[in-house]
Amino acid sequence: MTPVCDLCDAFPEQVQVLEPVLKSYGGEAAFSGQVETIRTHEDNSRVREAVSEPGSGRVLVVDGGGSVKRSLLGGDLAGKAAANGWAGVIVNGAVRDVAELEAEALGVLALALIPMKTEKRDLGVRGVPVTLAGAVVRRGDWIYADRDGVIVSAEPLHLQI
């Protein structure tokens, strides 16, 4: 994957840079892919549905409204995501089971850790624009993440080397 810094240098007008508020908890520090979105509040029912489907190298962006009272992703769902071909999961909220998250071949970014699981109330919506670290992210956008940061683009970014 092309480093995020190089993509910012090459495409400064095409990228949104996310505010540096997300921490890495997954087994992959660098990941990228086309975006699928979910908006929910303290209920990971839609997250479970999404990671149970083929990911095809996509990145799931979950807008939990910044709540860190309940985890929206844990070890079991991260395992499903990795097994089903998701490149990463980014959560505007909290995750749990950090040792299990680190063991998966999956990028995981979130605001914080919390040991409390969610209540399953079958809430949340998929495919809607979400707000993440100061940027609006839409289904079909492209996310690029590494240790230097996270960027979003409406189009895939490729550098000729």
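Data block above holds the structure.
Residues numbered from 1 in each chain as written. Predicted model: local features only at pLDDT ≥ 70, side-chain atom pairs only at ≥ 80, totals over all residues. Heavy atoms only, no water.

### Notes on the overall build of the protein
Rules: Numbering of helices and strands starts at the N terminus; helices are DSSP runs of H or I of at least 4 residues and strands are runs of E of at least 2. Burial classification: accessible surface area is computed with a 1.4 Å probe over protein chains only, and a residue below 20% of its type maximum counts as buried, one above 50% as exposed, and the rest as partly exposed. Every residue pair with non-hydrogen atoms within 4.5 Å of one another is taken to be in contact. Accessible surface area values rest on a Shrake-Rupley calculation with a 1.4 Å probe, where residue burial reflects the displayed protein chains alone. Lys and Arg are tallied as positive, Asp and Glu as negative. Neither His nor the chain termini are counted. For the purpose of locating charges, the reference atoms are NZ of Lys, CZ of Arg, CG of Asp and CD of Glu.
Within the protein, the secondary structure is distributed over four helices and 12 strands. When burial is assessed residue by residue, the protein has 46% of its 161 residues classed as buried. Intrachain contacts of the protein at a sequence separation of at least 6 include 75% that bridge at least 24 residues. Summing over all exposed atoms, the protein offers an accessible surface of approximately 7,600 Å²; the carbon and sulfur share of this is 50%. Once the 16 positive and 22 negative side-chain charges of the protein are each reduced to a mean point, those two points are 9 Å apart.

### Thoughts on the side chain of Thr37
The test is simple: Pairing of N or O atoms within 3.5 Å defines a polar contact, subject to two protein rules: one partner must be a possible hydrogen donor and the other a possible acceptor, and residues neighboring in sequence count only if both atoms are side-chain atoms.
Residue position: Thr37 is located in strand E3 (residues 31-39). Looking at Thr37, its side chain comes within polar contact range of the main-chain oxygen of Val128, at 2.7 Å. Setting aside residues up to four positions removed in sequence, Thr37 forms contacts with Val61, Val125, Arg126, Gly127, Val128, Val130, Val137, Arg138 and Arg139.

### Here's the deal with the nonpolar core
Counted only if it meets this: Put simply, a nonpolar core is a bunch of buried Ala, Val, Leu, Ile, Met, Phe, Trp, Tyr and Cys residues held in one set by side-chain atoms that sit within 4.5 Å of each other.
Counting 20 residues, the largest nonpolar core has Val47, Leu60, Leu73, Val89, Val91 and Val95 as its most contacted members. Counting residues per element, the ones that place at least two in this core are helix H2 (45-51), strand E4 (59-63), strand E5 (71-73), helix H3 (75-83), strand E6 (88-95) and strand E7 (107-113). Val35, Leu111, Ala135 and Val150 belong to the second-largest nonpolar core, a separate cluster that totals 19 residues.

### As for the pattern of salt bridges
Let me state the cut-off plainly: What makes a salt bridge here is a side-chain nitrogen of Lys or Arg within 4 Å of a carboxyl oxygen of Asp or Glu, nothing more.
Per the counting criterion, the structure on display carries eight salt bridges. Salt-bridge contacts for Arg46 lead to Asp122; the nearest nitrogen and oxygen are separated by 2.3 Å. Residue Arg46 is found in helix H2, and its partner Asp122 is found in the loop between E7 and strand E8 (125-126); the two are separated by 76 residues along the sequence. With a relative accessible area of 10%, Arg46 lands in the buried category.

### Points about the side chain of Asp63
Counting through the fold element by element, Asp63 comes out in strand E4. Here Asp63 sits buried without a salt bridge, and the closest side chain of opposite charge, Arg39, lies 4.5 Å off (N-O distance). Engagement of the side chain of Asp63 in a polar contact is seen with the backbone nitrogen of Thr131, the distance being 3.3 Å. Among all residues touching Asp63, those that are not within four sequence positions of it are Ile38, Arg39, Thr40, Asn92, Val130 and Thr131.

### Some details on a positive patch on the surface
As a reminder of what qualifies: Excluding any residue in a salt bridge, patches collect residues exceeding 30% relative accessible area, merging like charges within 9 Å and nonpolar Val, Leu, Ile, Met, Phe, Trp and Tyr side chains within 5 Å.
There is a patch of like positive charges on the surface, built from Arg48, Lys80, Lys117 and Lys120. Examined against the element boundaries, Lys80 turns out to sit in helix H3. Looking at Lys80, the relative accessible area reads 34%, which means it is partly exposed.

### Some thoughts on the pairing of E4
For a regular strand, the rule is simple: side chains alternate between the two faces of the sheet. Using the following cut-off: The pairing criterion for strands is at least two bridges between them, as found by DSSP. With its strands directed away from the observer, a crossover is right-handed exactly when the path from the first strand over the helix to the second travels clockwise.
Across the five residues that make up E4, a large majority, five, are buried. Both faces of E4 are covered, namely the face carrying Val59, Val61 and Asp63 and the face carrying Leu60 and Val62. As defined by bridge partners, E3 adjoins E4 across five bridges and the pair is classed as parallel. Paired with Val35 across the strands is Val59, a residue of E4. At this point the chain moves from E3, through H2, to the parallel E4, and the crossover so formed is right-handed. The sheet contact formed by E4 and E6 spans five bridges and is parallel. Following the sheet pairing, Val59 is matched in E6 by Gly88.

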